[in-house]
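# Close look at the chain arrangement
Chain by chain, the residues:
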Amino acid sequence: MSNNKFKILIIEDEANIRSFVETLLATNGYQVLTARTCAMGNALFLSHNPDLVILDLGLPDRDGLEFIRTVRKRFAAPIIVLSARTTEQDKVAALDLGANDYISKPFGTAELIARVRAALRTSRHAASAGALPGGRFTAGGLSIDYDRRQVFINGQEVKLTQTEYNIVALLSEHSGRVMTYAAIVRAIWGETDCGSTKKLQVNMANIRKKFGSRPGDNPYILNELGVGYRMVDEDAEKEP
Ligand code: CA
């Protein structure tokens, strides 16, 4: 049992947060490594090859963004930023450097565990991409048939345009994680210009209407203002 546990590295200088997260993850069946500084984190990362990293940005020796920059050059392990910095620019900077998600302090235990599961699941999906035929995504009343490019809400088909479908499918492949506006635009239209974010917002408004949701109340796609969009997590029972 202990041999196939996911290994998670926590890089956090505040002792109480570090031990809280360590206990929480260990209780949920993960193997945990901890570091107090960016340098220690780098050393443990290289020697232990963890499956996921939880990273504080305000570290005593270096900025956590430096860690993301260094690791991302060579490694794909998901990185979740755990930070008291709450400005949109800081979140976008971390995500654009290659962090997979962020959690703002203070955070809830259920939220942290959900984000860890989502990040590990997405990286498993990526590792097996191409090996699995199309398949299906379900989250509450939302379901997507990737083979037939069809979307259903509570069993009723929702007629989407090609672009709207591509956006919904993209977000579902990253469910549970926030995707920045720029990352979505790049994936859908290939390049960014000053009108693309507006184009994305127009498409999202149409998707929301077709999903039958009221303004500001899409239960399937959450708008993280100033940062990006997050599709709700895939139903847990779909996990292998
Ligand atoms: Ca700190």
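In this numbering scheme, every chain counts its residues from 1 along its sequence in written order. Thresholds applied to this predicted model are a pLDDT of at least 70 for local features of residues and 80 or more for the giving and counting of side-chain atom pairs; totals over whole chains, interfaces and linings are not thresholded and use all residues. As a convention, hydrogens and water are excluded, and side-chain values are obtained from all of the structure's heavy atoms.

### Observations concerning the overall build of the protein chain
The helix and strand inventory of the protein chain stands at 8 helices and 12 strands. Expressed as a percentage of the 240 residues in the protein chain, the buried residues total 45%. Residue contacts are defined here by distance: any two heavy atoms, one from each residue, within 4.5 Å place the two residues in contact. A separation threshold of at least 6 residues defines the contact pool for the protein chain, and within that pool the share at least 24 residues apart is 60%. Note on conventions: DSSP H or I runs of at least 4 residues are helices, E runs of at least 2 residues are strands, and numbering of each starts at the N terminus. Per-residue accessibility, obtained with a 1.4 Å probe over protein chains only, is compared with the maximum for each type, and a residue is labelled buried under 20%, exposed over 50%, and partly exposed between these values.

### Regarding the sheet that holds strand β5 (residues 101–104)
For two strands to pair, DSSP has to find at least two bridges joining them. Read from one edge of the open sheet, 5 strands run β2-β1-β3-β4-β5, paired in parallel fashion. Looking at the sheet topology across the chains shown, the edges are occupied by β2 (31–35) and β5. Averaged over neighbouring strand pairs, the angle between their axes works out to 20° when direction is ignored. Pairing of strand β1 (residues 7–11) with β2, which is carried by 5 bridges, proceeds in the parallel orientation. Paired with isoleucine 10 across the strands is threonine 34, a residue of β2. Inter-axis angles, ranging from 0 to 180 degrees, are taken between N-to-C directions of lines fitted to C-alpha atoms, where helices are fitted over the stretch in contact.

### Quick look at helix α3 (residues 64–72)
Of all the positions in α3, only Gly64, Leu65, Phe67, Ile68 and Val71 are classed as buried. Each buried residue of α3 lies within a common arc of 155° when the element is viewed along its axis, so the set occupies one face. Looking at the buried side of α3, the elements it contacts are β1, α2 (38–48), β3 (52–56), β4 (79–83) and α4 (88–97). Sitting at the amino-terminal end of α3 is aspartate 63, which places a side-chain oxygen 2.8 Å from the backbone nitrogen of leucine 65. Comment: arc refers to directions from the helix axis out to C-beta atoms. A 3.5 Å cut-off defines polar contacts: any pair of N or O atoms within that distance qualifies, except that in protein one atom must be a possible hydrogen donor and the other a possible acceptor, and neighbouring residues in sequence count only when both atoms are side-chain atoms.

### What about the coordination of the calcium ion?
Distances up to 2.8 Å from the metal define which N, O and S atoms are donors, and 3.2 Å serves for Na, K and Ca; water is absent from the atom set, so sites may look incomplete. Coordination of the calcium ion by the protein is provided by Asp13 (OD), Asp56 (OD) and Gly58 (O), with metal-donor distances spanning 2.2 to 2.4 Å. Mapping the donors of the calcium ion onto the primary sequence yields the spacing D-x42-D-x1-G. Placement of aspartate 13 in the loop between β1 and α1 (15–27) and of glycine 58 in the loop between β3 and α3 is noted, with a sequence separation of 45 residues between them. What makes aspartate 13 partly exposed here is its relative accessible area of 31%.

### Examining the packing of aromatic side chains
Stacked, tilted and edge-to-face are the three classes applied to pairs of Phe, Tyr and Trp rings, where Trp contributes its six-membered ring and a pair requires centres within 6.5 Å; stacked means planes under 30 degrees apart, edge-to-face means over 60, and tilted covers the rest. Applying the stated criterion across every chain yields a total of 5 aromatic pairs. Aromatic side chains phenylalanine 20 and phenylalanine 107 sit 6.2 Å apart centroid to centroid with 50° between the ring planes, which places their arrangement in the tilted category. Residue phenylalanine 20 is located in helix α1, and its partner phenylalanine 107 is located in the loop between β5 and α5 (109–127); the two are separated by 87 residues in the primary sequence. Looking at phenylalanine 20, the relative accessible area reads 37%, which means it is partly exposed. Phenylalanine 107 gets classed as buried once you look at its relative accessible area, which sits at 16%. Centroid distance phenylalanine 45 to phenylalanine 67: 6.0 Å. Interplanar angle 80°. Geometry classified as edge-to-face.

Function-wise, these values are silent; they only describe arrangement.
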